Amino acid sequence: DDDIFSSAFCENSGKLVNVHLFALAAKYYSLSSLGVCTPLEDVLEALKGDSEEATGIKPDEFMNNKKSHEVQVMSELVDSIANYCGIKQVIDIGSGKGYLSSFLSMQYNLKVYGIDSSRSNTNGAHERNRKLKKHWRAYQSRGKESLKSQSLEMANDRPVENEINCKTIHEELLNNANSLQNQGQVIIQDLVPSCGFTEMDTLETSTETEADLVTGTQSHETKLSEEVLAVLNVLPVDAVEDFSSSCCNCGELCEEEKVQRKMTSLKTKARKSSESNLYFPLTSCITAETELNDIITDLEDCMMVGLHTCGDLAANTLRIFTAKPEIKAVCSVGCCYHLLSEQFENQEECHDQVWGFPMCQYLKDKGWCCGRNARMSACLALERVAVGQMLPTESLFYRAVLQVIIEEIYGVTRSDRHVGKTFSKSSSFIDYVRRSLRKLELDDSKLPDSCIMDYYEKYKHRMNELEAFNMLKVVLAPCIEVLILLDRLCYLKEQENIAWSGLVKLFDPVKSPRCYAVIALKNQSC
């Protein structure tokens, strides 16, 4: 295959002579064709077995379509891994505004620490946290009103009897609770549409439900109150708050029951005090040497996650995972490959530096280097272009001509400053150039409008060449991404304490181009 694809380039000049063969080669070496990915469905099936999916809040109520898609898919996987490993604590690295963190906490009752280096992001996460809590309470209130309304309707439909056999009531209520459990998610979702109701929740609360329903009553009004409590006991513990007083005479309770109820009351108070945050946003810069115990005081067995961790942060997430015994699993989706640091990109020796690429020993031994241009290409979205979301050719053309102007007029070939999103704010090419020069702190007064337009006219006829060149970069993008992702996977394969590791395609690449997750679980003994 390599011999066939090599004929896409001229043997003497090295120039591309067969575009079609070039495109076929690029497709052949993409992740989708190499067969190295594990299907998401297979991973979920292996982790979850026969357990049912949780239903509850929908992320599209709080975020845009792209983010909603990412959060919904990834949170289900993270919850499955956490359940499989028997852990309740999650550390979200590069958590940003807390979209994933808050959803994991609300929907799956996980204790989440979101760590981000930007204080403004952390502040934004706190604000979202406040709004989500308000929304969550509204759902709780709606559920209570539904239950009260249902109780009143039942009371009006039934005559009140003076005496009711306690044993008969007990049996009827147990049957009612069993019926609710059998109907499961449909009934609960109608009552409290925000709760995350799972099969496991039902099993865990069944004994508690029976204990609450055993108590006798003297009227059907009390029976209705118990029926409401029966419904509440089927819900997850954190879904709603009890709004009915105890329907039992405490004087008739045995000492064991009194102690049990006191403990339940203490646990409820502790839970309510901990509900001041849906999760815990923290500000800290994460490196490969970061000690999580210095950031999280109650660190326990946990898993690390990262949704579009930028540049070296994805690599550092994997390094921390392999080094810390408390971290039992990792699920990391990286992005911003152009910001990766490369060990062999520059000739300077930095023995103490921890690099973003390469990670695995195999590529280190070969001294492998991508280079910034290749890493920039890896960030392009082939699937979006394939469905008609074309590249911004005009803005790319503006940027290319600007670079010629800067080099020829100002003699600048490298700058630490960035032009940014100047194109969207500019009314013309002249306006774009002047705005950009000011951003780069270059004197634009020495450059008349006529000179700027001369450059534009000089290169305008080459815009089609620029578009063709960028299309070739887009075609090649998946191959470069493969190299970066396989480097991370090979690094995990080299570790002795990893039970399983793999690449999994999580997202629709049209909605979310950086769609591959690096996942790993440690050996149970680690």
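Basis of the calculations
- Residues numbered from 1 in each chain as written.
- Predicted model: local features only at pLDDT ≥ 70, side-chain atom pairs only at ≥ 80, totals over all residues.
- Heavy atoms only, no water.
- Helix = DSSP H or I, 4+ residues; strand = E, 2+ residues; numbered from the N terminus.
- Contact = heavy atoms within 4.5 Å.
- Areas by Shrake-Rupley, 256 points an atom, 1.4 Å probe, with all protein chains shown as cover.
- Expected span 1.5 Å × (residues − 1).
- Buried < 20%, exposed > 50% of the residue type's maximum accessible area, 1.4 Å probe, protein only.
- Core = buried A, V, L, I, M, F, W, Y, C linked by side-chain atoms within 4.5 Å.
- Salt bridge = Lys/Arg side-chain N within 4 Å of Asp/Glu carboxyl O.
- pLDDT = per-residue confidence, 0-100.
- Axes fitted to C-alpha atoms, helices over the stretch in contact; angles between N-to-C directions.
- Left-handed = near helix turned anticlockwise from the far one by under 90°.
- Nonpolar A, V, L, I, M, F, W, Y, C, P; charged D, E, K, R; others polar.
- Pairing = 2+ DSSP bridges.
- Disulfide = S-S within 2.5 Å.
- Parallel < 35°, antiparallel > 145°, perpendicular 65-115°, else oblique.
- Arc of directions from axis to C-beta.
- Phe/Tyr/Trp six-rings, centres within 6.5 Å; stacked < 30°, edge-to-face > 60°.
- Lys NZ or Arg CZ within 6 Å of the ring centre and 35° of its normal.

- The name that an unreviewed UniProt entry assigns to the protein is MET25 protein, with the source organism given as Motacilla alba.

### A look at the overall build of the protein
1) Next: Helices and strands together make up the secondary structure of the protein, namely 21 helices and seven strands.
2) Next: Long-range pairs, those at least 24 residues apart, make up 74% of the contacts in the protein between residues at least 6 apart in sequence.
3) Next: Roughly 27,900 Å² of accessible area belongs to the protein as shown, and the carbon and sulfur atoms make up 49% of that amount.

### Structural notes on helix α14 (residues 312–323)
1) Next: In this model, α14 (twelve residues) spans 16 Å end to end at C-alpha, consistent with the 16 Å of a helix rising 1.5 Å per residue.
2) Next: Burial within α14 is extensive, with eleven of its twelve residues counted as buried.
3) Next: Listed as buried for α14 are D312, L313, A314, A315, N316, T317, L318, R319, I320, F321 and T322.

### Concerning the nonpolar core
1) Next: Grouped together as the largest cluster of nonpolar side chains are 72 residues, with contacts concentrated most on M74, L77, I91, M303, C331 and L506.
2) Next: Not counting chain neighbours up to four residues away, the residues in contact with L77 comprise L40, V43, L44, L47, C331, L506 and I519.
3) Next: L402, L437, I452 and Y459 belong to the second-largest nonpolar core, a separate cluster that totals 20 residues.

### Points about the pattern of salt bridges
1) Next: Across all of its chains, the model carries 15 salt bridges by this definition.
2) Next: Salt-bridge contacts for D431 lead to R435; the nearest nitrogen and oxygen are separated by 3.1 Å. Within this pair, D431 and its partner R435 are both found in helix α19 (residues 429–439), separated by four residues, close to a single helical turn.
3) Next: Exposure remark for R435: the relative accessible area of 32% places this residue in the partly exposed category.
4) Next: For the salt bridge of D449 with R434, the shortest nitrogen-to-oxygen distance reads 2.6 Å. Here D449, found in helix α20 (residues 449–459), pairs with R434, found in helix α19; they are 15 residues apart in sequence, far enough to count as distant.

### Points about the confidence of the model for the protein
1) Next: When pLDDT is averaged along the protein, the result is 77; 66% of the residues meet or exceed 70.
2) Next: Low pLDDT, under 50, characterises residues 158–252; the predicted model gives this stretch 144 contacts beyond four residues in sequence or across chains.
3) Next: Across residues 272–277, where pLDDT falls below 50, the model places six contacts with residues more than four positions away in sequence or in other chains.

### Here we look at the environment of I405
1) Next: Counting through the fold element by element, I405 comes out in helix α18 (residues 393–410).
2) Next: When its relative accessible area of 0% is taken as the criterion, I405 is described as buried.
3) Next: Each C-alpha atom of the pair I405 and L437 lies 9.9 Å from the other, and the pair is 32 residues apart in sequence.

### Points about the packing of helix α4 (residues 40–48) against helix α5 (residues 65–85)
Relative placement of two packed helices is described by the angle separating their axes and the distance separating the axes.
1) Next: Two elements in contact, α4 and α5, have axes whose closest approach is 9 Å; the angle formed by their N-to-C orientations is 35 degrees. Once α4 is placed against α5, the crossing between them reads as left-handed. Each of L40, V43, L44, A46, L47 and K48 in α4 lies in contact with α5, whose residues at this interface are V73, E76, L77, S80, I81 and Y84.
2) Next: For the contact of α4 with α5, the per-class residue count stands at nine nonpolar, one polar and two charged.

### Thoughts on the sheet that holds strand β3 (residues 280–283)
1) Next: Spatially, seven strands are ordered β3-β2-β1-β4-β5-β7-β6 in an open sheet, and the strand pairing comes out mixed. Two strands lie at the open edges of the sheet, namely β3 and β6 (498–505), each paired on one side alone. Recorded for the sheet is a direction-independent mean angle of 15 degrees between the axes of neighbouring strands.
2) Next: Both strand β1 (residues 89–93) and strand β2 (residues 111–116) contribute to a ladder of five bridges, which runs parallel.

### What about the pairing of β2?
Within a regular beta strand, the side chains point alternately toward one face of the sheet and then the other, so they alternate between its two faces.
1) Next: Taking burial as the measure, the six residues of β2 include five buried ones, the bulk of the element.
2) Next: By the bridge criterion, four bridges tie β2 to β3 in an arrangement that is parallel. Bridged to D116 within β3 is T283.

### So, the state of the cysteines
1) Next: Evaluated as defined, the whole model comprises zero disulfides.
2) Next: Left without a disulfide partner, C515 is nearest to the cysteine sulfur of C37, which lies 8.4 Å away.

### What to know about the packing of α14 against helix α21 (residues 463–493)
1) Next: At a minimum axis separation of 11 Å, α14 and α21 run at an interaxial angle of 10 degrees. Accordingly, the angle class assigned to the pair α14 and α21 is roughly parallel. Here α14 contributes A314, L318, R319, F321 and T322 to the contact with α21, which in turn contributes R488, Y491 and L492.
2) Next: Split into classes, the residues belonging to the contact of α14 with α21 amount to five nonpolar, one polar and two charged.

### Some remarks on α20
1) Next: Among all positions of α20, only I452, Y455, Y456 and Y459 are buried. One face of α20 carries all of its buried residues, which in axial projection span an arc of 100 degrees.
2) Next: Looking at the buried residues of α20, the elements they touch are α18, α19 and α21.

### Considering the packing of aromatic side chains
Centre-to-centre distance and the angle between the planes together describe a pair of aromatic rings.
1) Next: Enumeration over the complete set of coordinates arrives at twelve aromatic pairs.
2) Next: On the numbers, 5.2 Å between centres and 75 degrees between planes, the contact of Y398 with F423 is edge-to-face. With a gap of 25 residues between them, Y398 in helix α18 and F423 in the loop between α18 and α19 connect regions that are remote in the sequence.
3) Next: For Y398, a relative accessible area of 8% corresponds to the buried category.
4) Next: For F423, a relative accessible area of 30% gives the class partly exposed.
5) Next: Each ring, one from Y398 and one from Y432, has its centre 5.3 Å from the other, and the planes form 55 degrees; the classification is tilted. A residue pair is termed long-range when its members are at least 10 positions apart, and Y398 in helix α18 and Y432 in helix α19 qualify at 34 residues.
6) Next: An aromatic cluster is defined as three or more aromatic residues linked by ring pairs; in this entry it consists of F397, Y398, F423, F429, Y432 and Y456.
7) Next: Between K522 and the ring centre of F321, over which it is positioned, the NZ or CZ distance is 4.9 Å.

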